[in-house]
Amino acid sequence: NIGCIIQRGISPNNDGANDSFDLSAYDVRRLVIFNRYGTEVYSRNNYVNEWFGQDSSGNELTDATYFYVITTNDGKEITGWIYVNR
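The present account deals with the structure reproduced in this document. (Residues numbered from 1 in each chain as written. Predicted model: local features only at pLDDT ≥ 70, side-chain atom pairs only at ≥ 80, totals over all residues. Heavy atoms only, no water.)

1. Thoughts on the pattern of salt bridges
Overall, the coordinates contain 3 salt bridges when judged by the stated rule. One salt bridge in this structure joins lysine 76 and aspartate 74, with 3.9 Å as the shortest N-O distance. Residue class for lysine 76 comes out exposed when judged on its relative accessible area of 53%. (Salt bridge = Lys/Arg side-chain N within 4 Å of Asp/Glu carboxyl O. Buried < 20%, exposed > 50% of the residue type's maximum accessible area, 1.4 Å probe, protein only.)

Here's what the structure looks like:
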């Protein structure tokens with residue numbers, strides 16, 4: 001995974017390009033996404049490619065920057081941000 005770059009934005013509009021947060025290049029045990037206030041809005045264990053800008057209840061989140069914590073199966077934590085632009 002060294003050298004893999006995590007995308008910085010998604011545009012979940014069903015056009016087939018950048019519709020979801022694709023982490024298939026990483027061995028993800030858990031993904032947690034937070035809004036700008038630090039409130040958890042989404043989490044998923046054994047994540048691959050299931051987040052398309054929704055909260056944990058399936059409701060669409062607004063266009064904004066969100067922050068994530070990825071925990072890999074080897075115990076590493078990766079943090080960063082991603083922008084949702086519908």
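2. Overview of the packing of aromatic side chains
Taken as a whole and assessed by the stated rule, the structure comprises 4 aromatic pairs. Here the aromatic rings of tryptophan 51 and tyrosine 66 are separated by 6.1 Å at their centres, their planes lie at 75°, and the arrangement is edge-to-face. Of this pair, tryptophan 51 sits in the loop between β3 (40-45) and β4 (64-72) while tyrosine 66 sits in strand β4; the two residues are 15 residues apart in sequence, bridging distant segments of the chain. With a relative accessible area of 0%, tryptophan 51 lands in the buried category. Put simply, the rings of Phe21, Tyr42, Trp51, Tyr66 and Tyr68 touch in pairs and so form one group of aromatic residues. (Phe/Tyr/Trp six-rings, centres within 6.5 Å; stacked < 30°, edge-to-face > 60°. Helix = DSSP H or I, 4+ residues; strand = E, 2+ residues; numbered from the N terminus.)

3. So, the nonpolar core
Within the largest apolar cluster, 18 residues are counted, with the highest numbers of intra-cluster contacts made by Phe21, Leu23, Leu31, Ile33 and Trp51. Those elements giving two or more residues to this core turn out to be β2 (28-34), β3, β4 and β5 (77-84). Apart from the residues within four sequence positions on either side, phenylalanine 21 is in contact with Ile6, Gln7, Ile10, Leu31, Ile33, Tyr47, Val48, Asn49, Trp51, Tyr68 and Ile82. (Core = buried A, V, L, I, M, F, W, Y, C linked by side-chain atoms within 4.5 Å. Contact = heavy atoms within 4.5 Å.)

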